[in-house]
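The residues making up each chain are set out below.
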Amino acid sequence: MKKIKYTILLIICILSISTVSKALPEAEFTKLLKEYTYKPDGSLELHYSKILKINSHIAFNNLYGETFVVYNPAFQELKINESYTKQAGGNIVKTPQNAFNEVLPRAASGAPYYNHLKEMVITHTGLEIGATIYLDYTLFSKPVSYNCIDIDEILQEACPIKEYTVILNIPADQELNYTLCNLSAKPKITPQNGIKQYRWTFKNIPAASQEAFQPVNRENKPRFIASGNKSCKEALEILKSKIQPVLSPENTAFAKKLAEKAENEREKVFCIQNYMVNQVNTIDLSLENTAYTLRTPDEVLQTSYGTKAEKTALFAALLKANGLTPEPVAVYPGNLKNKSKGINTIQELKIKVNADKHPLFLSAMYQPAESLELRGGKDEIWLLSDSGIRPLTVIQSEGQIRCQADIILKPTETTAKGIIDIQGGLLPMASKNSLEKRIKAFSEPFGQTTESQISSESAVNYRLSFKANSPLVSQDGYIVYNLPETEQGIKSWEMSRLNTDRKSTLEIPYLITETYDYLLSIEPGIEFKSNPVEIKKQNKIGSVNIRIRQINNTIQVHKEIQLSKNTITPAEYGDFRALLTEWQNPLGQKLIFKKNDINK
């Protein structure tokens, strides 16, 4: 009997230990420190230190077995102060010399001009479950062309952090503007020997969420931003001075040749953008990596690669060579509403250009561009114009898809005639051929298009009139007809599978209303077998309304979903998921018919 009791107790203990072990994160930062020291001569020292506890094989095989430090030897020097592993039993394993290896950063691999950059790969040795990594290094930076406090750091890692310390040492007479997002600690300010030290200590920062559809601007992340500029306008003045859209006479002639077949200004713009996106490689190095310097547009054109800032300058130069008036645009996260923003906080660079009296906002890195109106107040737009630097107000719009169609169902095929309205900037400006192709794609769910016509009441609103037919296939005497639904609306977000719960904020790409009104006429030979459908749901995220009913030989279908909130908190997630679940209900997506023998 005693043996049985001991066995039961042993099993309970093992289960208990197993449960605790499962609750542990893969790894945990015991301490993490970043200390910035800005000196009066413009030089900078970054001191980094971490103590990281390993709790699983995944942690050292996939996540934290190596540390990577990218630096530019032209103006930076890396010093490893200490690096070792303390094993679970207390044994110290110092990182051997051959575990420090300098390689070329992947971002610079296709860019010979930047092949002098280095990435120190530190391989941590002696790792096992229960081991602790200790790493401490200093990165020394000489004065560069932009000697100003400019920090933008996400204070979060893939694993939780018990204690995160940020220290900022600046000359006592230096102005400092800073912002903490999703953090509430106040700094401890200590003046000493002409230096003013700011120290923040944050406790128990959770691991970064790996859930999909995270907010683009990362407003749900713990973030530290600091700037020595009086305002972001001052930082943008410096950036603007570095973007010089000037080409040599030879390259000016090449720029004109790029767009020589364009019929109008708009086509000129998209010919040049197509070249920038597809023929000039994007090198993913930040301005900080390149000492805040840009190669000239001529150099970028000759080498066919450039950083995002360099490509933006070349894009502007090519447009200018074709008689247009391009203006660089800096896009900041809209949730940062103060003057702590600097150059490093810029989310994206674009070019604004007027073509055929219509303003276009385009990227040199990708196409087509998402309409600024769809994001609205989520972004803060600054225009870097020759006449001055100023913010642009963008009023948020709602994407709208309205589809009306008369559909005739025959025993072997369907024919449809309808109108699709696409509004609110869902289709941003593109070349004529590209735009027409994207508009016509809206009618593809109806089958093979036999006729189509596109009209436009404005530069962001389009109407497609179409005729189409599609074969009907029966199986065992029944036909399942999928109600046409565009692939360019909510379907394009690929949210068909949503978890029951969510821990982080979810952001949908834009506000949207999708409406489908169909009148289906049934010809002899088939019989409607589906039951009537009536689905109505409304909450603070939006609404869904689906109605399917038969009146004599016709079937009336009305489907509408409206999402009126594009940032959904975990508390609101249940409402959002309920709407998407109803919208994707098979009862509102498929109609069932029985094929009859009309000769009987």
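Scroll up to find the structure.
This report concerns the structure included in the present document.

Basis of the calculations
- Per chain, residue numbering runs from 1 following the sequence as it is written.
- Per-residue local features are limited, in this predicted model, to residues with pLDDT of at least 70; the limit for side-chain atom pairs, both in listing and counting, is 80 or more; totals at the level of whole chains, interfaces and linings are taken over all residues.
- Computation of side-chain values: all heavy atoms of the structure, hydrogens and water removed.
- Think of it this way: any DSSP run of H or I at least four residues long counts as a helix, any run of E at least two long counts as a strand, and we number them from the N terminus.
- For the accessible areas, the method is Shrake-Rupley and the probe is 1.4 Å, while residue cover comes only from the protein chains on display.
- Take the buried Ala, Val, Leu, Ile, Met, Phe, Trp, Tyr and Cys residues and link them wherever side-chain atoms come within 4.5 Å; each set so joined is a nonpolar core.
- Exposed residues in this analysis have more than 50% of their type's maximum accessible area, buried residues have under 20%, and partly exposed residues fall in between, with area computed by a 1.4 Å probe over protein chains only.
- Expected span of a helix: the number of residues minus one, times 1.5 Å.
- A strand pair is defined by DSSP finding two or more bridges across the two strands.
- Put simply, the grid is 1 Å and covers the protein atoms alone, a cavity is a trapped set of points that fit a 1.4 Å probe, a pocket is an open set with protein on both sides within 12 Å along at least five of seven lines, and lining residues have an atom within 4 Å of a point.
- Grid points are joined across faces, edges and corners, and a volume is the space filled by probe spheres set on the points.
- The nonpolar class holds Ala, Val, Leu, Ile, Met, Phe, Trp, Tyr, Cys and Pro. Asp, Glu, Lys and Arg form the charged class, and all remaining residues, Gly among them, are polar.
- Salt bridges are defined as contacts in which a side-chain nitrogen from Lys or Arg sits within 4 Å of a carboxyl oxygen from Asp or Glu.
- Throughout, a residue-residue contact means that at least one pair of heavy atoms, one from each residue, lies within 4.5 Å.
- Inter-axis angles, ranging from 0 to 180 degrees, are taken between N-to-C directions of lines fitted to C-alpha atoms, where helices are fitted over the stretch in contact.
- Throughout this description, any angle smaller than 35 degrees is read as roughly parallel, any larger than 145 degrees as roughly antiparallel, any in the 65 to 115 degree range as roughly perpendicular, and the remainder as oblique.
- By the definition used in this description, the sense in which the near helix is turned from the far one sets the handedness, with an anticlockwise turn below a right angle giving left-handed and a clockwise turn giving right-handed.
- Two N or O atoms form a polar contact when they lie within 3.5 Å of each other; inside protein one atom must be a possible hydrogen donor and the other a possible acceptor, and for residues adjacent in sequence the pair counts only when both atoms belong to side chains.
- Note that the arc is computed from the directions linking the helix axis to the C-beta atoms.
- Ring geometry is summarised as follows: Phe, Tyr and Trp rings, the Trp one being its six-membered ring, pair when their centres sit within 6.5 Å, and such pairs are stacked at plane angles under 30 degrees, edge-to-face over 60 and tilted between the two.
- Geometrically, a lysine NZ or arginine CZ counts as sitting over a ring once it is within 6 Å of the ring centre and also within 35 degrees of the ring normal.

This part is about the overall build of the protein chain. When helices and strands are counted, the protein chain shows 10 helices and 35 strands. C-alpha atoms of the protein chain, sized along the principal axes, occupy 100 × 95 × 40 Å. Of the roughly 29800 Å² of accessible surface on the protein chain, a fraction of 49% belongs to carbon and sulfur atoms.

Quick look at the nonpolar core now. Residues Phe446, Tyr518, Leu563 and Phe576 are the most contacted members of the largest nonpolar core, which totals 84 residues. The dominant element in this core, judged by the number of residues it contributes, is helix 7 (residues 308–321), at 7 residues. Of all hydrophobic cores here, the second largest spans 42 residues; its members include Leu52, Ile54, Ala59 and Leu155.

Spanning 14 residues, helix 7 covers 20 Å between terminal C-alpha atoms, matching the ideal 20 Å at 1.5 Å per step. In terms of burial, helix 7 is a largely internal element, 12 of the 14 residues being buried. Turning to helix 7, its buried residues are Ala309, Glu310, Lys311, Thr312, Ala313, Leu314, Phe315, Ala316, Ala317, Leu318, Leu319 and Ala321. Where helix 7 terminates, the next one or two residues include Gly323, which has phi positive at roughly 85°.

Turning next to the pairing of strand 17 (residues 327–333). The side chains of a regular strand alternate, residue by residue, between the two faces of the sheet. Taken across its 7 residues, strand 17 has 7 buried, putting it largely inside the fold. Across 5 bridges, strand 17 lies against strand 18 (residues 348–355) in antiparallel orientation. Counted as the bridge partner of Glu327 is Lys352 from strand 18. The sheet contact formed by strand 17 and strand 20 (residues 379–385) spans 5 bridges and is antiparallel. When the sheet's bridge partners are listed, Pro333 is paired in strand 20 with Asp379.

As a further point, take the sheet that holds strand 27 (residues 478–482). If you walk across this open sheet you meet the 4 strands as 26-27-35-30, and the pairing is antiparallel. Bordering the open sheet on either side are strand 26 (474–475) and strand 30 (526–528), each of which pairs with just one other strand. Alignment of strand 30 against strand 35 (residues 590–595), held across 3 bridges, turns out to be antiparallel. Residue pairing in the sheet places Ile526 in a bridge with Lys595 of strand 35.

Our focus in this paragraph is the layout of surface pockets. Of the volumes computed, that of the second largest pocket is approximately 380 Å³. Considering the residues around the second largest pocket, the lining is formed by 17 residues, among which Glu485, Glu487, Lys491, Gln584 and Gln589 are closest to the centre. In terms of residue class, the lining of the second largest pocket is made up of 7 nonpolar, 4 polar and 6 charged.

A few words on the pattern of salt bridges. Per the counting criterion, the structure on display carries 23 salt bridges. Between Glu267 and Arg266 there is a salt bridge, and its shortest N-O distance comes to 3.6 Å. Exposure remark for Arg266: the relative accessible area of 18% places this residue in the buried category. In the salt-bridge network here, residues are joined through shared partners; they are Glu219, Arg375, Lys378, Asp379 and Glu507.

What follows is about the environment of Leu580. Structurally, the position occupied by Leu580 is in helix 10 (residues 573–583). Distance from Leu580 to Asn281, taken between C-alpha atoms, is 39 Å for residues 299 residues apart in sequence. Those residues within four positions of Leu580 in sequence are excluded, and the remaining contacts are Ile490, Leu498 and Leu563.

Turning to the packing of helix 5 (residues 265–279) against helix 7, a few remarks are in order. With their axes 10 Å apart at the nearest point, helix 5 and helix 7 run at an angle of 150° to one another. As far as their axial angle goes, helix 7 and helix 5 are roughly antiparallel. When you trace helix 5 past helix 7, the crossing you get is right-handed. Where helix 5 abuts helix 7, its residues Val269, Ile272, Gln273, Tyr275, Met276 and Val277 lie against Lys311, Leu314, Phe315, Leu318 and Leu319. The residue makeup of the contact of helix 5 with helix 7, split by class, is 9 nonpolar, 1 polar and 1 charged.

What follows deals with the side chain of Glu327. Assignment of secondary structure puts Glu327 in strand 17. Among the polar contacts made by the side chain of Glu327, one reaches the side chain of Ser385 at a distance of 2.8 Å. In contact with Glu327, not counting residues within four places along its chain, are Lys350, Ile351, Lys352, Leu383, Leu384 and Ser385.

On to helix 3 (residues 232–242), then. Within the sequence span of helix 3, burial applies to Cys232, Ala235, Leu236 and Leu239. Buried residues along helix 3 cover an arc of 95° about the axis, so they all sit on one side. Those residues of helix 3 that are buried are in contact with strand 17, strand 18, strand 20 and strand 21 (388–392).

For the rest of this paragraph, the subject is the packing of aromatic side chains. Overall, the coordinates contain 16 aromatic pairs when judged by the stated rule. Considering the side-chain rings of Tyr84 and Tyr134, the 4.6 Å spacing of their centres and the 10° angle between planes classify their relative orientation as stacked. Here Tyr84 is found in strand 4 (residues 76–86), whereas its partner Tyr134 is found in strand 8 (residues 132–141), with 50 residues between them in sequence. Each member of the aromatic cluster is reached from another via a ring pair, and the members are Phe446, Phe466, Tyr516, Tyr518 and Trp583. The ring of Tyr113 carries the charged tip of Arg295 above its face, separated from the ring centre by 5.4 Å. Geometry around Tyr332 places Lys341 over its ring, the cationic atom sitting 5.4 Å from the centre.

Mapping Ala405 onto the fold places it in strand 22 (residues 399–409). For Ala405, a relative accessible area of 4% puts it in the buried group. Counting along the chain gives 91 residues from Ala405 to Leu314, while the straight-line C-alpha distance between them is 46 Å. When near neighbours in sequence (up to four residues on either side) are disregarded, Ala405 contacts Lys417, Gly418, Phe446, Asp517, Tyr518 and Leu519.

Before going further, it helps to examine empty space enclosed by the protein. As enumerated under the stated definition, the model contains 1 cavity of 30 Å³ or more in all. Roughly 50 Å³ of volume is contained in the largest cavity. For the largest cavity, the full set of lining residues is Ile401, Cys403, Ile420, Phe442, Pro445, Phe446, Pro484, Glu485, Thr486, Tyr516 and Tyr518. For the lining of the largest cavity, the elements supplying multiple residues, two or more each, are strand 22 and strand 29 (512–522). A breakdown of the residues in the lining of the largest cavity according to their chemical character gives 9 nonpolar, 1 polar and 1 charged.

Read from one edge of the open sheet, 3 strands run 3-7-6, paired in antiparallel fashion. Edge positions in the open sheet fall to strand 3 (66–71) and strand 6 (100–103), since each of these has one partner strand only. Here the strands of the sheet are splayed against their neighbours by 20° on average, with no regard to which way each runs.

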